[in-house]
Amino acid sequence: MDLLVAMRTFRRVVELDGFSKAAVDLGQSTAAVSKQVRQLEARLGSLLLQRTTRRMSLTDTGRAYFAECCRLLDELDALEHATALGTGEVSGRLRVNAPLSFSLKVLSPLLVEFMALYPQLSVELTLDDHLLDPVSEGFDVSLRIRSSLPDSSLIARRLGEVEQVICASPGYLAARGTPRQVEDLCGHDCLAYRLADNPGGWRLDGPKGRGVELRTRLSVDNSLMLCDLLLAGAGIGALPSFIADPHLASGQLQRVLPQQQLARRTIYALYASNRHLQQKVRVFVDFLAQRLAG
């Protein structure tokens, strides 16, 4: 058995979700594809795929192996490509996980610039506001916007900071009154970002700043939807500045308690220590650090 061929076959079976589709893609018979995967499992001494007459799914071992299999194959392809060119330029596929709202508002134009700088590099971007494990999910880099990060074996590099802005629509404030002090928030409908460090409260810094528990009428797990709700007059909420600023400038939203400040959140790039020296990871993180520093 050719190990690299078997690994590539296994990868295509998973990516295309089936032996027959992978066989067509690889120009082989379904029986040949199935045999290669069985031989790979025998070599590893572990079951990678659960097979039934109706569906196929990865085992826990298979999921972890698939992630590392993709990484190794991509690195090998990048090495071969760079060697063939004789230039050592950055190539291969970079898998990135990032929050949806941040990606749409901030990361999109930066990616266009980044990919123009590295034409031999392809980027696979997964948008998810939930905290995904970059190692088990097979990401090279995960971008996170948090007040702090839990201890882990991952490398965390600070890329920049994001201000949090408490705001509401002029219509809501005209109907319900504008809070003048922290205590006034208790009588208002507050909308919460459910994936925040503390979705049920805000820590305010400023004159008489303190922690305040919110009367949460609605919580969502996406900042763009939270913004739409605030624009519609549903209540008071906190938005990252990259979403709030255009609406504040146009007057569609107004700052609430401007003398108070929420703790800034940090933009982090997270990656496993074994990816630290990968050129594609290094140039991507360095690029973002330069562009987001302000």
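From a predicted model like this one, the values you see are computed outputs, not experimental measurements. (Residues numbered from 1 in each chain as written. Predicted model: local features only at pLDDT ≥ 70, side-chain atom pairs only at ≥ 80, totals over all residues. Heavy atoms only, no water.)

### Looking at the overall build of the protein
Argument step 1. Helix and strand counts for the protein stand at 10 helices and 15 strands.
Argument step 2. Relative to its length of 294 residues, the protein is extended, with a C-alpha radius of gyration of 24 Å against a globular reference of 19 Å.
Argument step 3. Expressed as lengths along the three principal axes of its C-alpha atoms, the size of the protein is roughly 75 × 50 × 35 Å.
Argument step 4. Residue pairs at least 24 apart in sequence account for 73% of intrachain contacts in the protein once pairs closer than 6 positions are excluded.
Argument step 5. Of note, the protein has its 34 positive side-chain charges centred 3 Å away from the centre of its 32 negative side-chain charges. (Helix = DSSP H or I, 4+ residues; strand = E, 2+ residues; numbered from the N terminus. Rg over C-alpha atoms; globule rule 2.2 N^0.38 Å. Contact = heavy atoms within 4.5 Å. Lys, Arg positive; Asp, Glu negative; His and termini not counted. Charge placed at Lys NZ, Arg CZ, Asp CG, Glu CD.)

### Concerning helix α5 (residues 100-117)
Argument step 1. Helix length check: α5, at 18 residues, gives a terminal C-alpha distance of 24 Å against a target of 26 Å (1.5 Å per residue), a fit within 8%.
Argument step 2. Buried within α5 are the following residues: Ser101, Phe102, Ser103, Val106, Leu107, Leu110, Leu111 and Phe114. (Expected span 1.5 Å × (residues − 1). Buried < 20%, exposed > 50% of the residue type's maximum accessible area, 1.4 Å probe, protein only.)

### Quick word on the nonpolar core
Argument step 1. Core analysis: the biggest nonpolar cluster contains 44 residues, and Phe102, Leu143, Leu159, Leu239 and Leu288 have the highest contact counts within it.
Argument step 2. Counting contributing residues per domain, this core is built from domain 2 (92-162 + 266-292) and domain 3 (164-263), each supplying no fewer than three.
Argument step 3. Not counting residues within four places of it along the chain, the set of residues in contact with Leu143 comprises Val96, Asn97, Ala98, Pro99, Phe102, Leu107, Leu159, Tyr268, Ala269 and Leu288.
Argument step 4. Residues Phe10, Val33, Tyr65 and Phe66 belong to the second largest nonpolar core, which totals 19 residues. (Core = buried A, V, L, I, M, F, W, Y, C linked by side-chain atoms within 4.5 Å. Domains from an automatic or database assignment.)

### Comments concerning helix α10 (residues 279-292)
The α-helix winds at 3.6 residues per turn, so residues separated by three or four positions along the chain end up facing the same way.
Argument step 1. With 14 residues, α10 extends 20 Å between its outermost C-alpha atoms, agreeing within 8% with the 20 Å of an ideal straight helix rising 1.5 Å per residue.
Argument step 2. Among all positions in α10, only Lys280, Val281, Val283, Phe284, Val285, Phe287, Leu288, Ala289 and Leu292 are buried.

### Section: the UniProt feature "domain: HTH lysR-type" (unreviewed entry) in the protein
Argument step 1. Under the UniProt annotation, "domain: HTH lysR-type" (unreviewed entry) lies at residues 1-59.
Argument step 2. For the annotated span residues 1-59, helix accounts for 63% and strand for 10% of the residues, and the straight-line distance between the end C-alpha atoms is 22 Å. (UniProt positions renumbered as here; feature names shortened; annotations may be inferred.)

### What about the pairing of strand β3 (residues 92-98)?
Side chains on a regular strand alternate between the two faces of the sheet.
Argument step 1. Across the 7 residues of β3, 6 count as buried, placing the element largely inside the fold.
Argument step 2. Judged from the 7 bridges that link them, β3 and strand β4 (residues 121-127) form a sheet pairing that is parallel. The residue of β4 that forms the bridge with Arg95 is Glu124.
Argument step 3. This β-α-β element, β3 to α5 to β4, shows right-handed connectivity. (Pairing = 2+ DSSP bridges. Right-handed = clockwise from strand over helix to strand, strands pointing away.)

### Observations regarding the pattern of salt bridges
Argument step 1. The final tally for this structure, using the stated rule, is 16 salt bridges.
Argument step 2. Linking Asp140 and Lys280 is a salt bridge whose minimum nitrogen-to-oxygen distance equals 3.7 Å. On the criterion of sequence distance, the pair formed by Asp140 in the loop between α6 (134-137) and β5 (141-146) and Lys280 in helix α10 is long-range, its members being 140 residues apart. By the burial criterion, Asp140 is buried, and Lys280 matches it.
Argument step 3. Overlapping salt bridges bring together Arg11, Arg12, Glu15, Asp25, Arg93, Arg95 and Glu124 as one network. (Salt bridge = Lys/Arg side-chain N within 4 Å of Asp/Glu carboxyl O.)

### Quick notes on unusual backbone geometry
Argument step 1. A positive phi angle, near 60 degrees, is found at Asp17, a position not held by glycine.
Argument step 2. With respect to the helices, strands and loops of the structure, Asp17 is situated in the loop between α1 (3-16) and α2 (19-26).
Argument step 3. Notably, Leu257 is not glycine yet its phi reads approximately 50 degrees, a positive angle.
Argument step 4. By the secondary structure assignment, Leu257 is in the loop between β13 (254-255) and β14 (261-262).

### Some details on the sheet that holds β5
Argument step 1. Taken together, 5 strands build an open sheet; the order of strands is β4-β3-β5-β15-β6 and the sheet is mixed. Every other strand in the sheet has two partners, leaving β4 and β6 (155-162) as the edge strands with one partner each. The mean inter-strand angle of the sheet, taken between neighbouring strand axes irrespective of direction, is 20 degrees.
Argument step 2. As paired elements, β5 and strand β15 (residues 265-271) share 5 bridges and run antiparallel to each other. Within β15, the position partnered with Ser142 by the bridge is Leu270. (Axes fitted to C-alpha atoms, helices over the stretch in contact; angles between N-to-C directions.)

### Points about the sheet that holds strand β11 (residues 216-220)
Argument step 1. Judged by pairing direction, the sheet is mixed, and its 5 strands sit side by side in the order β11-β8-β12-β7-β13 without closing on themselves. Edge strands, defined here as strands with exactly one partner in the open sheet, are β11 and β13.
Argument step 2. Against the sheet, helix α8 (residues 223-231) touches β7 (164-168), β8 (190-193), β11 and β12 (236-240), its axis set at about 140 degrees to β12.
Argument step 3. Helix α9 (residues 241-250) rests against β7, β12 and β13 of the sheet, and its axis sits at about 115 degrees to β12.

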